Amino acid sequence: MSFMQINDLKVHYPVRGGFFNTVIDQVLAVDGITMEFERGKAYGLVGESGCGKSTTGKALIGLEKITSGSIIYEGENVTNKRRNRKSSFNRDVQMIFQDAHSSLNPRKRVRDIIAEPIRNFLNLTPKEEERKISELLEIVGMPEDAKLKYPHEFSGGQKQRLGIARAIATNPKLIIADEPVSALDLSVQAQVLNFMKDIQNEFGLSYLFISHDLGVVKHMCDHISIMYKGRFVETGTKADIYTNPQHIYTKRLLSAIPEVSPVGRENRKRERIRVEQNYQAEHKNYFDENERVFDLLQVSNTHYVASTSQVKGVL
Amino acid sequence: MKGNELLKINNLHTGFRIKDTFYDAVDGVSLTVKKNEILAIVGESGCGKSTLATSVIGLYDQNKTRVQGEILFDNKNLAALSEEQMNDIRGFQISMIFQDPLSALNPLMRIGEQIEEGLVYHTTLKQTERESRVLELLQQVGIRNPERVAKQFPHQLSGGMRQRVIIAIAIACKPQIIIADEPTTALDVTIQAQILDLLIDLQAETEAGIILITHDLGVVAEVADRVAVMYAGEIIEEAAVEELFANPKHPYTRSLFNSIPQMNSQSDRLNVIEGIVPSLMNLPRSGCRFSSRIPWIPGEAHEENPTLHEISPGHFVRCTCWKEFHFKTDKGGGTHELYANK
Ligand SMILES: Nc1ncnc2c1ncn2[C@@H]1O[C@H](COP(=O)(O)OP(=O)(O)O)[C@@H](O)[C@H]1O
Ligand SMILES: Nc1ncnc2c1ncn2[C@@H]1O[C@H](COP(=O)(O)OP(=O)(O)O)[C@@H](O)[C@H]1O
Ligand SMILES: [Mg+2]
Ligand SMILES: [Mg+2]
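Residues numbered from 1 in each chain as written. Chains lettered and ligands numbered in written order. Predicted model: local features only at pLDDT ≥ 70, side-chain atom pairs only at ≥ 80, totals over all residues. Heavy atoms only, no water.

Details of the sheet that holds strand 12 (residues 315-318) of chain B
Residue and element names in this part refer to chain B. Read from one edge of the open sheet, eight strands run 6-7-8-3-9-10-12-11, paired in mixed fashion. In the strand order of this sheet, the two ends are held by strand 6 (94-97) and strand 11 (308-312), each with one partner. Each strand of the sheet is rotated relative to its neighbour by a mean of 20 degrees, with strand direction disregarded. Two elements, strand 11 and strand 12, share four bridges in a ladder whose sense is antiparallel. Each bridged residue has a counterpart across the sheet, and for His 309 the counterpart in strand 12 is Val 317. (Pairing = 2+ DSSP bridges. Helix = DSSP H or I, 4+ residues; strand = E, 2+ residues; numbered from the N terminus. Axes fitted to C-alpha atoms, helices over the stretch in contact; angles between N-to-C directions.)

Regarding the side chain of Gln 189 of chain A
Inspection of the secondary structure puts Gln 189 of chain A in helix 7 (residues 186-203). Setting aside chain neighbours within four positions, we find Gln 189 of chain A in contact with Val 181, Leu 184 and Val 216 of chain A together with Pro 261 of chain B. (Contact = heavy atoms within 4.5 Å.)

Examining the sheet that holds strand 2 (residues 22-38) of chain A
Whether parallel or antiparallel, the strands of a sheet pair through hydrogen bonds between backbone atoms. Residues and elements named next belong to chain A. The strand order 2-1-4-5 describes an open sheet built from four strands, whose pairing is antiparallel. If you trace the sheet from one side to the other, it starts and ends with strand 2 and strand 5 (76-77), each paired once. As paired elements, strand 1 (residues 2-17) and strand 4 (residues 68-73) share five bridges and run antiparallel to each other. When the sheet's bridge partners are listed, Met 4 is paired in strand 4 with Tyr 73. Most of the contacts of helix 1 (residues 53-60) go to strand 1, to which it runs at about 120 degrees, and overall it touches strand 1, strand 2 and strand 4.

Comments concerning the layout of surface pockets
Considered as a void within the structure, the second largest pocket measures approximately 1300 Å³ in volume. Those elements that provide at least two residues to the lining of the second largest pocket are helix 10 (248-256) and helix 11 (265-282) of chain A together with helix 7 (159-171) and helix 8 (189-206) of chain B. Split by residue class, the lining of the second largest pocket holds 15 nonpolar, 12 polar and 11 charged. (1 Å grid on protein atoms, 1.4 Å probe; cavity = no way out; pocket = protein on both sides within 12 Å on 5 of 7 lines; lining within 4 Å. Points joined across faces, edges and corners; volume = space filled by probe spheres on them. Nonpolar A, V, L, I, M, F, W, Y, C, P; charged D, E, K, R; others polar.)

Remarks on the site of ligand 2
Residues and elements named next belong to chain B. Looking at ligand 2, the residues that line it are Phe 16, Ala 25, Glu 44, Ser 45, Gly 46, Cys 47, Gly 48, Lys 49, Ser 50, Thr 51 and Leu 280. Cys 47 is positioned such that a nitrogen or oxygen atom in its backbone is 3.3 Å from an oxygen atom of ligand 2. At 2.9 Å from an oxygen atom of ligand 2 is found a side-chain nitrogen or oxygen belonging to Lys 49. For ligand 2, the accessible surface in isolation is 560 Å², of which the surrounding protein chains cover 61%. Among the elements that make up the shell around ligand 2, the one with the highest residue count is helix 1 (residues 49-57) (three residues). Tallied by class, the residues present in the shell around ligand 2 amount to four nonpolar, five polar and two charged. (Near = heavy atom within 4 Å. Polar contact = N/O pair within 3.5 Å; in protein donor to acceptor, adjacent residues only side chain to side chain. Areas by Shrake-Rupley, 256 points an atom, 1.4 Å probe, with all protein chains shown as cover.)

Let's talk about the domain arrangement of chain B
All names here are of chain B. Looking at the assigned domains, one finds that chain B contains domain 1 (5-224) and domain 2 (231-340). Of note, the centres of domain 1 and domain 2, computed from C-alpha atoms alone, are 30 Å apart. Between domain 1 and domain 2, the residue contacts involve 18 residues of the former and 19 residues of the latter. Interface of domain 1 and domain 2: buried area, both sides summed, is about 1600 Å²; carbon and sulfur atoms make up 66% of it. (Domains from an automatic or database assignment. Buried area = accessible area lost by both parts, 1.4 Å probe.)

Focus: the side chain of Arg 161 of chain A
Residues and elements named next belong to chain A. With respect to the element layout, Arg 161 can be found in helix 6 (residues 156-168). Comment: no salt bridge for buried Arg 161; closest opposite-charge side chain is Asp 198, at 10 Å. Among the polar contacts made by the side chain of Arg 161, one reaches the main-chain carbonyl oxygen of Val 140 at a distance of 3.1 Å. For Arg 161, the contacting residues outside a window of four places in its chain are Val 140, Gly 141, Gln 191 and Val 192. (Buried < 20%, exposed > 50% of the residue type's maximum accessible area, 1.4 Å probe, protein only. Lys, Arg positive; Asp, Glu negative; His and termini not counted. Salt bridge = Lys/Arg side-chain N within 4 Å of Asp/Glu carboxyl O.)

Some points on the packing of helix 10 of chain A against helix 8 of chain B
Between two packed helices, what matters for the description is the angle formed by their axes and the separation of those axes. Between helix 10 of chain A and helix 8 of chain B, the least distance of the axes is 8 Å, while the angle of their chain directions is 55 degrees. Regarding the angle of helix 10 of chain A to helix 8 of chain B, the classification is oblique. As for the relative orientation of helix 10 of chain A and helix 8 of chain B, their crossing is left-handed in sense. Taken together, the residues of helix 8 of chain B that come into contact with helix 10 of chain A (itself represented by Arg 252, Leu 253 and Ala 256 of chain A) are Val 189, Thr 190 and Ala 193 of chain B. Residues of the contact of helix 10 of chain A with helix 8 of chain B, tallied by class, amount to four nonpolar, one polar and one charged. (Parallel < 35°, antiparallel > 145°, perpendicular 65-115°, else oblique. Left-handed = near helix turned anticlockwise from the far one by under 90°.)

A closer look at the UniProt feature "domain: ABC transporter" (unreviewed entry) in chain B
The UniProt entry lists residues 7-257 of chain B under the feature "domain: ABC transporter" (unreviewed entry), expressed in the numbering used here. Along residues 7-257 of chain B one finds 41% helix and 28% strand; the C-alpha atoms at either end are 29 Å apart. (UniProt positions renumbered as here; feature names shortened; annotations may be inferred.)

Remarks on the packing of helix 4 (residues 110-121) of chain A against helix 5 (residues 126-139) of chain A
All names here are of chain A. Their axes nearest at 10 Å, the elements helix 4 and helix 5 cross at an angle of 110 degrees. By the angle between their axes, helix 4 is roughly perpendicular relative to helix 5. Relative to helix 5, the crossing made by helix 4 is right-handed. In this structure, helix 4 contributes Val 110, Arg 111, Ile 114, Ala 115, Ile 118 and Arg 119 to the contact, and helix 5 contributes Glu 129, Glu 130, Lys 132, Ile 133, Leu 136 and Leu 137. When the residues that make up the contact of helix 4 with helix 5 are grouped by side-chain class, the tally is seven nonpolar, no polar and five charged.

Put into structure tokens, the structure is as follows:
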């Protein structure tokens, strides 16, 4: 059973301009997405830059005003509720940012950075708090003496782990991870991903894992949504998306991923050309005249594709 | 140099001055670039890839940088040329493509003029000839409406279009060598694929030698003919692309491969390389530089002064530790008290 449901979520930003600085247009950053979260599962959100991934993440934890739609958390409607200390939703849903550097206050010591959510949401004595911080540092594999240091004294991978320590401080149920490893080198990325899997397995955490890297998402996630212009073009299990992609956009994305083997690369290049031709030819079955993605149609128990019902395979 | 060799780098040392000491970020690199091939240089950030590129093309602060060794090209040693002499070569015989197309373009100049600049400087083409060459170049890099794009400014183009423009500028004077430093790192994966395919096609047309710098082994696999892997300022392995991917030998190369979340791998855990990449001032300057990252491999496995050994024709590996190397088994995470108490 899912503990959180997102229904037809929209976040529209007004675009102001003209002589009177009035609203002249809307950016439909998120334009009607629906999803739900089950305990212990990882959900991938993939798409090219500007498609609305970060806005989705921020809207889910209440950092972005929701234009319409709803978020139901454990049966309670939490849409556009102010972030506050009493709310279990705010305690249970945390976020990790891509740029660990700018998400950590440079003037605060590590101890106070990690203590912030603890002070907000948990009633601990100073002694308990101190112990908790030590434990969190241990979980993320950082030495005890990190407590008294400042963020700039750490490498990118270490900062990302400090961000994770802060995010798990309140024993959350869901962590929204917005490109958590995109800025990291391969070996450091591996360390952070392994670690995220470990804590997930141990504590039954759920993730909304936002990334543009389909390799990373495949490694981390059970369920994947492909996003384009604020809407989902396709959603399904890992197997649905990677072995049975249906939407032309998903197919193009998959065919563009470099393979870590030179064997067969000429064929892959030809395949990319074929997929691109197919993309142009089938366009009208997948996007309306304003390039808006159609509503999702069900193709199997787990698999949904946004297309006209003319497309073969739709239930 | 042999007939098909365009560029030969011999024992290049490029150091940056920090306080009063020079620290070599490129520390004894030798490489050959042949006509009609794509040589990939791969390694994690800070290993010296960009420093190598800027040394070849002479784009560094002369007061803070020390370049020693030979960069042989067209019967000249580029490392010994003056700034003026390099200006005549750069953008003409050797050109460069950078990671960030926006900062490489002048925001106030129309696209057409920016492509034309190199032609004005390096060729004797007349204005009308230059203008038609600009349109031809835009077409060549896959821009469908060259007339319109030539009149536009950089901010009016998407990231992928801008990188195409950068490539048009780079190939304008038909260079013999193109150095591309992370040319697709800032782009979305579909655009990356298009740009890489374009580079491959242009390379085949122009027969230029391309040095492709990247941190992405997937990109290497898709486009390179030959690969040099760098770690801490040195090349630690070099081979033809098929050979490197089929038979990686150096512990660093193998470790990198095992840390990639691969599309078709079922393994749950990724390989983590112990320790951190040392900063420039703290680079180990003797012995095997990778030894501290694989402490479970006994010291005797390493050479005292590691050199590149040709272990099969065209396949070079630094140090001897690869013969003894094995991965350490990763136990994974234990139970943490904190959550167990919940
Ligand atoms: N505060 C804002 N005001 C106006 N437009 C915004 C704002 N934040 C994001 N956008 C726009 O919304 C769209 C989605 O952005 P974002 O969610 O950051 O995408 P992604 O994370 O997928 O790259 C983009 O077109 C972006 O320019
Ligand atoms: N101008 C500079 N002054 C001092 N150190 C530098 C300078 N440029 C690069 N470095 C250092 O040299 C090393 C190699 O950097 P770079 O060539 O940019 O690596 P890469 O391109 O492989 O990421 C790094 O340790 C970097 O910090
Ligand atoms: Mg984003
Ligand atoms: Mg670089």
